Amino acid sequence: MIGKLQVKKTIFPALLACLLLCGCMGQVPSEAADFFAMDTAMTVLVYGEDAKAAVSETESLIEDLDRQLSIFNSDSEFYQFNTAGQVLLSSQNKALLEQALELARQTDGAFDPTIEPVVACWGFYGEEKHIPEEAQLQESLSRVGYSHLQMEGQLLSADISGVKLDLGGIAKGYASDRAVQALKDRGVTSAVLSLGGNVQVLGAKPGGKDWTVGITDPLDPGGQLGTVSVRDMAVVTSGVYQRYFEEDGIRYHHIFDAETGYPADSGLLSVSIVCPSGTLADGLSTALFVMGLEEAAQFWRTQPGEFDAIFVTQDGEIYITAGLEGVFSSSRSYEVIAP
Amino acid sequence: MKTRSWILLFVLLMALCAGVLLLRPRPQGQTTVCIYQDGQLLETIDLSQVEAPYTIPLTWKGSTNEITVSPGSIAVTWADCGCQTCVNHGPLQPGGMPIICLPNRLVIKWVQDPVVDAVA
Ligand SMILES: [Zn+2]
């Protein structure tokens with residue numbers, strides 16, 4: 001009799017403890033959305049009680065930014081600049097353009113938001129990509145150069161005609177920065193955004209582990225060459241495999257060198273940047289690709305602690321900057337670039 | 001009597017916990033892929049359950065992707081999309097990018113990638 005009572009007294013708390021334990025091992029609610037924006041496929045995954053609303057808000061925010069930054073949307077300020085040669089910028093767009101110009105100055109034009117005429121000349125805005133006539137390319141190239149841009153208050157203009165903007169090189173990174181900020185503002189602590197080759201993670205995974213982000217193998221774009229373990233970080237790759245066409249066995253990719261007007265031939269196949277800012281990661285992945293390994297490594301040394309990078313050379317060799325030791329893991333061999 | 005009750009209770013609790021753990025939804029199929037078109041989920045396929053290869057033709061605004069599903073594998077094997085990125089991607093790999101056909105708004109990806117949370 002005493003035994004039965006004892007069982008009854010202990011069974012309830014014990015059961016409760018058991019259920020709680022099992023409950024804790026269960027899954028945190030999550031919500032995901034797959035959609036197309038900024039000319040790429042995007043996935044947003046948010047954890048937490050508020051996930052459903054947060055995901056749909058993120059999707060609309062990114063779609064709004066797509067309209068705002070697109071140079072093909074006749075309502076956008078950048079479209080208006082490209083057609084009229086000048087425009088009054090909203091403070092948001094002005095801040096973004098200033099970020100782009102700062103990046104252009106820092107990288108000595110390896111990232112250049114005025115590359116549009118060259119990209120257009122190669123047909124990369126449409127279906128018909130092609131090698132341009134040399135004279136046409138030179139004319140386009142003469143209208144490229146961020147130093148032609150002039151800002152007086154909110155008024156953006158250029159000192160020669162035909163200068164055109166394309167913020168595509170940082171648009172996705174900027175969008176993920178803005179989306180992550182909006183998620184933070186509504187109290188979300190765990191989320192991952194994949195905007196094409198742009199990944200940005202908020203916080204850690206539910207349970208406190210780091211996120212594992214794969215780095216695409218440029219020689220086998222369906223596979224990966226390794227992973228990085230990160231939290232509160234953007235990981236962005238620019239590579240020759242993303243948009244390209246081939247003619248006579250030669251690949252012409254979408255990362256243009258504003259010096260030559262040709263796809264950058266710097267000895268690299270891809271550059272991945274790891275840093276907290278999506279915008280910076282996006283712009284730097286382009287810039288460091290254009291620079292090539294040596295110059296990019298030197299640039300990294302001048303910016304200690306700002307970002308880290310993974311390079312894949314045309315020989316298929318992998319280089320990582322020292323800050324990624326212990327963060328990057330791969331079954332393949334790789335070299336570490338020392339500070 | 002007291003000791004026996006404790007043992008009984010212990011065994012009962014262990015059985016209960018084991019039961020709950022077993023019945024808990026498993027991490028959803030790491031061998032399962034889903035096919036989206038224009039953000040809409042069209043199909044979910046557990047590749048480990050596929051016994052013989054078959055193809056799924058998907059047409060989007062007059063343009064077609066032919067998806068080949070085989071035991072343990074899925075790929076876009078033919079498309080008239082112009083870019084051919086989807087075909088050149090080859091089979092979907094664990095830890096790799098989803099298969100994407102931008103012009104046809106097609107995405108093929110793991111329900112839960114066994115290796116990574118995202119790919120850059
Ligand atoms: Zn395709």
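Here the focus is the coordination of the zinc ion. All names here are of chain B. Looking at the metal site, the zinc ion is ligated by Cys81 (SG), Cys86 (SG) and Cys101 (SG), spaced 2.3 Å from it. For the zinc ion, the single-chain donor residues occur in sequence as C-x4-C-x14-C. The residues Cys81 and Cys86 share a single accessibility class, namely buried.

Strand order in the open sheet formed by four strands is S16(A)-S9(A)-S8(A)-S8(B), with mixed pairing between adjacent strands. Whereas interior strands pair on both sides, the edge strands pair on one side only; in this sheet they are strand S16 (328-329) of chain A together with strand S8 (118-119) of chain B. Bridge count between strand S8 (residues 211-217) of chain A and strand S9 (residues 220-230) of chain A: seven bridges; the pairing is antiparallel. When the bridges of S9(A) are listed, Ile215(A) appears paired with Gly226(A).

Residues and elements named next belong to chain A. The sheet contact formed by strand S11 (residues 244-247) and strand S12 (residues 250-253) spans four bridges and is antiparallel. Bridging across to S12, Tyr244 finds its partner in His253. The turn joining S11 and S12, which pair antiparallel and follow one another in sequence, is formed by two residues; a positive phi near 50° is taken by Asp248.

Before going further, it helps to examine unusual backbone geometry. The phi torsion of most residues other than glycine is negative, and most of the peptide bonds are trans. Even without glycine at this site, Asp232(A) takes up a positive phi of about 45°. In this fold, Asp232(A) is placed in the loop between S9 and strand S10 (233-239). Phi at Gln84(B) takes a positive value of approximately 65°, unusual for a residue other than glycine. Topologically, Gln84(B) is positioned in the loop between strand S5 (73-79) and helix H2 (85-88). Accessibility expressed as a relative area gives 27% for Gln84(B), which makes it partly exposed.

All names here are of chain A. At a minimum axis separation of 10 Å, helix H2 (residues 51-69) and helix H7 (residues 168-185) run at an interaxial angle of 145°. Between H2 and H7 lies a crossing of right-handed hand. Together, Ala54, Glu57, Thr58, Leu61, Ile62, Leu65 and Leu69 of H2 and Ala171, Tyr174, Ala175, Arg178, Ala179, Ala182 and Leu183 of H7 make up the contact between the two elements. Of the residues contributing to the contact of H2 with H7, the split by class is eleven nonpolar, one polar and two charged.

Residues and elements named next belong to chain B. Mean pLDDT over chain B stands at 86; residues scoring 70 or higher make up 80%. Confidence, read as mean pLDDT per element, is least for helix H1 (residues 2-23) in chain B (62) and greatest for S5 (98). Note on residues 21-28: pLDDT is under 50 here. Beyond four places in sequence and across chains, it has eight contacts. Confidence metrics for the complex model read pTM 0.88 and ipTM 0.88.

Looking now at the domain arrangement of chain A. Residues and elements named next belong to chain A. The domain boundaries assigned to chain A delineate domain 1 (5-20 + 29-47 + 190-337) and domain 2 (69-168). For domain 1 versus domain 2, the distance between C-alpha centres works out to 27 Å. On the domain 2 side, the residues contacting the 27 residues of domain 1 number 22 residues. Interface of domain 1 and domain 2: buried area, both sides summed, is about 1,900 Å²; carbon and sulfur atoms make up 74% of it. Contact with domain 2 buries surface across domain 1, with Phe245, Phe256 and Ala258 losing the most and accounting together for 30% of the total. If you look at where domain 1 meets domain 2, you find zero salt bridges. Run the count over domain 1 and domain 2 and you get two residue pairs in polar contact (both at pLDDT 80 or more).

So, how was this worked out
Residues numbered from 1 in each chain as written. Chains lettered and ligands numbered in written order. Predicted model: local features only at pLDDT ≥ 70, side-chain atom pairs only at ≥ 80, totals over all residues. Heavy atoms only, no water. Donors = N, O, S within 2.8 Å, 3.2 Å for Na, K, Ca; no water. Buried < 20%, exposed > 50% of the residue type's maximum accessible area, 1.4 Å probe, protein only. Pairing = 2+ DSSP bridges. Helix = DSSP H or I, 4+ residues; strand = E, 2+ residues; numbered from the N terminus. Axes fitted to C-alpha atoms, helices over the stretch in contact; angles between N-to-C directions. Left-handed = near helix turned anticlockwise from the far one by under 90°. Contact = heavy atoms within 4.5 Å. Nonpolar A, V, L, I, M, F, W, Y, C, P; charged D, E, K, R; others polar. pLDDT = per-residue confidence, 0-100. Domains from an automatic or database assignment. Buried area = accessible area lost by both parts, 1.4 Å probe. Salt bridge = Lys/Arg side-chain N within 4 Å of Asp/Glu carboxyl O. Polar contact = N/O pair within 3.5 Å; in protein donor to acceptor, adjacent residues only side chain to side chain.

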